[in-house]
Amino acid sequence: MKKPNVLVTFDSMKDANCGYFSFGKGLGDALIKENKGKFKLNFYLFKHTQYLFNGLVDIVYLSRLDRLFFKKKNDFDVVHLSDQTCRLRPGKVNAKKIMTVHDMNKVHLKFSKPHRIKVYLKKLGKLISQCDKVVCISQFVANDVIQYFPEAKEKVSVIYNGADKLIPDEKHRPDFIPPKPFLFTIGLLSVQKGFHLLPALLKGNNFHLVISGKETPHKQTILVEAEKYDCLERVHITGPVSDEDKTWYYQNCDAFLFPSIAEGFGLPIIEAMHFGKPAFLSKFTSLPEVGGDVAYYFDNFEPEHMQEVFRSGMIDFTQNNRAQEAVAQAEKFSWEIAANQYLHLYQECMLNSDSN
């Protein structure tokens, strides 16, 4: 019997420092491992990223002409568009179509003008209308999709992302080794990540703060806040770091901080919790779904409130020896679990197709 032919698009894997890259690599590897012959898997990639999956899966190379006419439009039973930026449009393929929506941050941030948000919603709504299933990476994102596109409610489901358990190289040392003790965070230095709120947490203690990630002009705001709290010499902005560096910082930090107000999921939280670290997060967007009852949450961003949450949280985590609880929370999220849920959804699409 011929295996169903499935195409999974991973065409957003251009920048190794972006979230879509981590998502594609994690899910792609797990789909190959967990498929166990159920489907004939094909991945849609840029030519320069073909090395990522070690020749273990058939590759369909992206062409700029695919937006006009996709030559293989009739070759697949199921097409999974793995993010909502999809260069391969759902209308260009004749198959059951699934799209993963990672976030709708644009509607929560105040940077875009109303007419730009209107255009954004119209474009996303069209993509959703052309798909048979819509997967959201958190319940928070699912609620957003249903709020703005209530007609799509019956096709929306939630599949949480996984997270690779980072393995430290005991011989590795990053170029910058902070004095101990230190706190760590990682991500794009954008306003919505909230890193400018963190120097306030250094008041009244001897912690250093390491912030890693792609720099933007917002870096200056962070440094101004550090100067305000008289801790400029204890705030260290490293720029982008390697996986080995990131792993070292997770392993050696005293706590992980993530006060973001715009997250579809929150992968770094899980990476930190795998090392049994206390996590201090904003209570907004998807973060409580990821941190669960083990993390500590900022209900608002008033410095005094944040300082008290941090102080009491550090005491609680240490006195109650909650490191294993953090590890257990992280292990609820794995790419194997996510891959099996996606494979089940592919099968469900096939069954619906057969019954039509």
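Residues numbered from 1 in each chain as written. Predicted model: local features only at pLDDT ≥ 70, side-chain atom pairs only at ≥ 80, totals over all residues. Heavy atoms only, no water.

### A look at the overall build of the protein chain
When helices and strands are tallied, the protein chain shows 10 helices and 13 strands. Taking the principal axes of the C-alpha coordinates as reference, the protein chain spans close to 65 × 50 × 35 Å. By the burial criterion, 54% of the 356 residues in the protein chain qualify as buried. Long-range pairs, those at least 24 residues apart, make up 66% of the contacts in the protein chain between residues at least 6 apart in sequence. Working note: accessible area of the protein chain is about 17000 Å², and carbon and sulfur atoms make up 52% of it. The protein chain carries 46 positive and 41 negative side-chain charges, and their two centres are separated by 9 Å. (Helix = DSSP H or I, 4+ residues; strand = E, 2+ residues; numbered from the N terminus. Buried < 20%, exposed > 50% of the residue type's maximum accessible area, 1.4 Å probe, protein only. Contact = heavy atoms within 4.5 Å. Areas by Shrake-Rupley, 256 points an atom, 1.4 Å probe, with all protein chains shown as cover. Lys, Arg positive; Asp, Glu negative; His and termini not counted. Charge placed at Lys NZ, Arg CZ, Asp CG, Glu CD.)

### Focus on the sheet that holds strand 12 (residues 279-282)
What the 6 strands build is an open sheet, ordered 10-9-8-11-12-13; its pairing is parallel. The two strands at the open ends of the sheet, each matched to only one other strand, are strand 10 (235-239) and strand 13 (296-298). Ignoring strand direction, the axes of neighbouring strands in this sheet form an average angle of 25 degrees. Alignment of strand 9 (residues 208-212) against strand 10, held across 4 bridges, turns out to be parallel. Note that in strand 10 the partner of Val210 across the bridge is His236. Packing of helix 4 (residues 219-228) onto the sheet brings it into contact with strand 9 and strand 10, and relative to strand 10 it is tilted by some 165 degrees. Sheet strands touched by helix 5 (residues 243-252): strand 8 (182-186), strand 9, strand 10 and strand 11 (255-258). Its angle to strand 8, the strand with the most contacts, is close to 140 degrees. (Pairing = 2+ DSSP bridges. Axes fitted to C-alpha atoms, helices over the stretch in contact; angles between N-to-C directions.)

### Structural notes on the sheet that holds strand 5 (residues 96-101)
If you walk across this open sheet you meet the 7 strands as 3-2-1-4-5-6-7, and the pairing is parallel. Each edge of the sheet is formed by a strand with only one pairing partner; in this case those strands are strand 3 (58-61) and strand 7 (156-158). Pairwise comparison of adjacent strand axes, ignoring direction, gives a mean angle of 25 degrees for this sheet. Together, strand 5, strand 6 (133-136) and strand 7 form the strand contacts of helix 3 (residues 139-148), whose direction differs from that of strand 7 by roughly 170 degrees.

### A word on helix 5
Across the 10 residues that make up helix 5, a large majority, 7, are buried. Turning to helix 5, its buried residues number three or more, namely Asp245, Lys246, Thr247, Trp248, Tyr249, Tyr250 and Asn252. Summarising the contacts, the buried residues of helix 5 are in contact with strand 8, strand 9, strand 10, strand 11 and helix 6 (267-273).

### What to know about unusual backbone geometry
Between Lys180 and the following residue, Pro181, the backbone shows a cis peptide bond with an omega angle of 0 degrees. Relative to the elements of secondary structure, Pro181 occurs in the loop between strand 7 and strand 8. Phi angles above zero are rare outside glycine, and Lys36 is one such case at about 50 degrees. Locating Lys36 in the fold gives a position in the loop between helix 1 (19-35) and strand 2 (40-45). With relative accessibility at 63%, the residue Lys36 sits in the exposed group.

### Quick look at the side chain of Lys155
For Lys155, the location among the structural elements is in the loop between helix 3 and strand 7. For Lys155, the side chain forms a polar contact with the main-chain oxygen of Cys131, separated by 2.7 Å. Aside from chain neighbours lying at most four places away, what touches Lys155 is Ile128, Ser129, Cys131, Asp132, Lys133 and Val134. (Polar contact = N/O pair within 3.5 Å; in protein donor to acceptor, adjacent residues only side chain to side chain.)

Honestly, that's just the spatial picture; any functional story needs more than this.
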